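# Descriptive structure summary
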Amino acid sequence: MKKTVSLVITMLICIMSFAQLTQPYYVMHDYRKVGGNDLKVMLENEEHFWSKVAQVLVKEGKLTSWHVLERVAGPESEPNILFLITIGSKQNMHDLNETFDYGAKKVMASMGKDEAVFVQRGLNIDNNRVGMAMLNMSNYESVDGQRNFIKINYSKVSDVDKMNQLQTKIWGTFIKKSMASGAVNQKTWSTSSVISPVGTGYDWNYVSADGYTNYEDVLDGGWSTPPTYPDLTEIGKLIGGTGAFHKSVTWKILMSVNTKGEYTKH
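Residues numbered from 1 in each chain as written. Predicted model: local features only at pLDDT ≥ 70, side-chain atom pairs only at ≥ 80, totals over all residues. Heavy atoms only, no water.

## Here's the deal with helix α6 (residues 160-181)
The test is simple: Put simply, DSSP H or I for four residues or longer makes a helix, DSSP E for two residues or longer makes a strand, and each gets a number counted from the N terminus. Multiplying 1.5 Å by the residue count of a helix minus one yields the expected span of that helix. Exposure classes here rest on a 1.4 Å probe applied to the protein chains alone. A residue is buried below 20% of its type maximum, exposed above 50%, and partly exposed in between. Two residues qualify as a contact provided that any one of their heavy atoms is within 4.5 Å of a heavy atom in the partner residue. Between N or O atoms, a polar contact is any pair within 3.5 Å; within protein, one atom must be a potential hydrogen donor and the other a potential acceptor, and residues adjacent in sequence are included only when both atoms are from side chains.
Here α6 contains 22 residues, and its C-alpha end-to-end distance of 29 Å stays within 8% of the 32 Å for a straight helix at 1.5 Å per residue. What α6 keeps buried is the set Met163, Asn164, Leu166, Gln167, Ile170, Trp171, Gly172, Phe174, Ile175, Ser178 and Met179. Residues of α6 that are buried make contact with β4 (129-142), β6 (188-196), β7 (206-212) and α8 (233-238). Where α6 begins, the capping side chain belongs to aspartate 159, and its oxygen is found 3.3 Å from the backbone nitrogen of aspartate 161.

## Concerning the packing of aromatic side chains
Aromatic ring pairs are described here by two measures, namely the spacing of the ring centres and the angle between the planes. Here is the rule: Centres within 6.5 Å make a pair out of two Phe, Tyr or Trp rings, where for Trp the six-membered ring is used; the pair is then stacked when the planes are under 30 degrees apart, edge-to-face when over 60, and tilted otherwise. For a ring to carry a charge above it, either NZ of a lysine or CZ of an arginine must fall within 6 Å of the ring centroid while also lying within 35 degrees of the normal to the ring plane.
Taken as a whole, this structure holds 10 aromatic pairs when the rule is applied. When the ring of phenylalanine 149 is compared with that of tyrosine 215, the centres are 5.5 Å apart and the planes differ by 40 degrees; the resulting orientation is tilted. One end of the pair, phenylalanine 149, is in strand β5 (residues 149-155); the other, tyrosine 215, is in helix α7 (residues 215-220), and 66 residues separate them in sequence. Assessed through its relative accessible area of 11%, phenylalanine 149 is described here as buried. Judged by its relative accessible area of 29%, tyrosine 215 is partly exposed. Through a chain of ring-to-ring contacts, three or more aromatic side chains come together here, namely Tyr31, Tyr154, Trp204 and Trp251. It is lysine 62 that lies over the ring of tyrosine 102; its NZ or CZ is 5.1 Å from the centre. Positioned over the ring face of tyrosine 154 is lysine 247, at 5.4 Å from the centre of the ring.

## Some thoughts on unusual backbone geometry
Cis rather than trans, the peptide bond between serine 196 and proline 197 has omega equal to 0 degrees. Even without being glycine, alanine 73 reaches a positive phi, approximately 65 degrees. Examined against the element boundaries, alanine 73 turns out to sit in the loop between β2 (65-72) and β3 (81-88). Judged by relative accessible area, alanine 73 falls into the exposed class, the value being 54%. Residues other than glycine seldom take positive phi values, yet asparagine 128 does so here, at roughly 55 degrees. Relative to the assigned elements, asparagine 128 resides in the loop between α5 (113-123) and β4.

Here it is, written out as structure tokens:
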């Protein structure tokens, strides 16, 4: 994870120019393509070292949460690991590089001298990164229940500000009510817009994410009975004029540190 934040400095230049974003809530998507023994070693590093770093940082308010996810199905050409890290405030974003260095050193210092030598050696592996994005979360709704799977819908939106307004007003109101009443077995819903990198050369600039406990609920949407959806015409017009997502990918959460700094292996 130390290498994860090495690219953040260049992204900050782009992020700070977005003055119209009031009280931004930053989220990092870090995509990796890792196979074979490299995957085994990487996940061991995340479970036994970087999760401890994340716990320290969340408890000290330097991060908001931390997740490691693995893609479910889809083509082998695509990334199979996603680090989903909620950074939170602008100050946390500004301090991010130093934050991970600080957390790693603090966890390393808590180990015995001999143990730390071998841990440091084990952390020295290729990061296998294939993509990275910084996003600003504009909506988040949740109900009680463990979230083990996240379905992320990637879109190319023509007007991000208008999309945020419509998502909040139309779908947000509908799904919040449905989740609260138990009409749907969905545990979280969020929307985020990409703030770096941006431009016409990228296939997506907006995501909505649906969190579920069980995979079967991902597959059928988790509805207890067929729902009556609100009118999504205006939202559809902003997604390439067709209403179709660029793609939808299901990710299984392998491990996480929640907003209280509590670690869970899913």
